[in-house]
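Fold and contact review
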Amino acid sequence: MGKLLKPNEVAEQLGIGRSLTYELIAQGQIPHIRLGRCIRVSEQSLQEWLKSNELGAAMSQTESPLTEPERHNAGCVSVRRV
């Protein structure tokens, strides 16, 4: 199984916020283990999950369901200031 990561370590490795990491875990998108109230993610499972979720690995650019602007902005969050 390898090393078990805490959610904040997963967030750091993925370059995303801690809240988004917990959200992805709660949705069952990131494979995880619960030890009582603690959540841990196997480093190996995280790497496998990343590989299986790479767009380039699953389909070519021409097969992508996203349009060019959507593909460019995929994973980006826009913040509108009022």
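Residues numbered from 1 in each chain as written. Predicted model: local features only at pLDDT ≥ 70, side-chain atom pairs only at ≥ 80, totals over all residues. Heavy atoms only, no water.

1. Quick notes on the overall build of the protein chain
We apply this condition: Secondary structure elements are defined from DSSP: runs of H or I of at least 4 residues count as helices, runs of E of at least 2 residues count as strands, and each element is numbered from the N terminus. Only protein chains enter the calculation, and the probe is 1.4 Å; a residue is then buried if its accessible area is under 20% of its type maximum, exposed if over 50%, and partly exposed in between. Any two residues having at least one pair of non-hydrogen atoms within 4.5 Å are treated as being in contact. In this description, accessible areas are obtained by the Shrake-Rupley approach with a 1.4 Å probe, and a residue is regarded as covered only by the protein chains that are shown.
Regarding its fold elements, the protein chain presents five helices and three strands. In the protein chain, the order of α-helices and β-strands from amino to carboxyl end is β-α-α-β-β-α-α-α. The proportion of buried residues among the 82 residues of the protein chain is 17%. Excluding contacts between residues fewer than 6 apart, the proportion of contacts in the protein chain whose partners are at least 24 apart in sequence is 43%. Accessible surface, the protein chain: about 6,600 Å² in total, of which carbon and sulfur atoms supply 51%.

2. Re helix H1 (residues 7-14)
Note the threshold: The directions considered for the arc run from the helix axis to the C-beta atoms.
Taken as a whole, H1 has its buried residues at Pro7, Val10 and Ala11. All buried residues of H1 lie within an arc of 100° about the axis, which places them on one face of the element. Those residues of H1 that are buried lie in contact with strand S1 (4-5), helix H2 (18-26), strand S3 (38-42) and helix H3 (43-52). Backbone geometry just downstream of H1 places Gly15 in the positive-phi region, at approximately 75°.

3. A closer look at the nonpolar core
Stated formally: Nine residue types can take part in a nonpolar core, namely buried Ala, Val, Leu, Ile, Met, Phe, Trp, Tyr and Cys, and a core is a set of them joined through side-chain atoms within 4.5 Å.
By size, the foremost hydrophobic cluster in this structure holds nine residues: Leu5, Val10, Leu24, Ile25, Ile30, Ile39, Val41, Leu46 and Trp49. When residues of this core are traced back to their parent elements, those giving at least two are H2, S3 and H3. Excluding residues that lie within four positions of it along the chain, Leu46 makes contacts with Leu5, Val10, Gln13, Leu14, Ile30 and Val41.

4. Points about the packing of H1 against H3
Note the cut-off: Note on method: axes are straight lines fitted to C-alpha atoms, helices fitted across the in-contact stretch only, with angles between N-to-C directions ranging 0 to 180 degrees. For a crossing to be left-handed, the near helix must be turned anticlockwise from the far one by less than a right angle; the clockwise case is right-handed. Note that Gly is not counted as nonpolar here; it falls among the polar residues with everything else outside the nonpolar set of Ala, Val, Leu, Ile, Met, Phe, Trp, Tyr, Cys and Pro and the charged set of Asp, Glu, Lys and Arg.
One can describe the packing of H1 onto H3 by two numbers: an axis separation of 12 Å at closest approach and a directional angle of 35°. In this structure, H1 meets H3 at a crossing whose hand is right-handed. Across the interface between the two elements, Val10, Gln13 and Leu14 of H1 pack against Glu43, Leu46, Gln47, Trp49 and Leu50 of H3. Split by residue class, the contact of H1 with H3 holds five nonpolar, two polar and one charged.

5. Quick look at the environment of Leu24
In this fold, Leu24 is placed in helix H2. By relative accessible area, which is 13% here, Leu24 ends up buried. In contact with Leu24, not counting residues within four places along its chain, are Ile16, Gln29 and Ile30.

6. So, the sheet that holds strand S2 (residues 33-35)
As a reminder, the rule being used: Two strands form a pair only when DSSP identifies at least two bridges running between them.
Read from one edge to the other, the open sheet built from three strands follows the order S1-S3-S2, with strand pairing classed as antiparallel. Here the strands that pair on one side only, and so sit at the sheet edges, are S1 and S2. Note: S1 against S3, two bridges, orientation antiparallel. Within S3, the position partnered with Leu4 by the bridge is Ser42.

These values are about where atoms sit, not about what they do.
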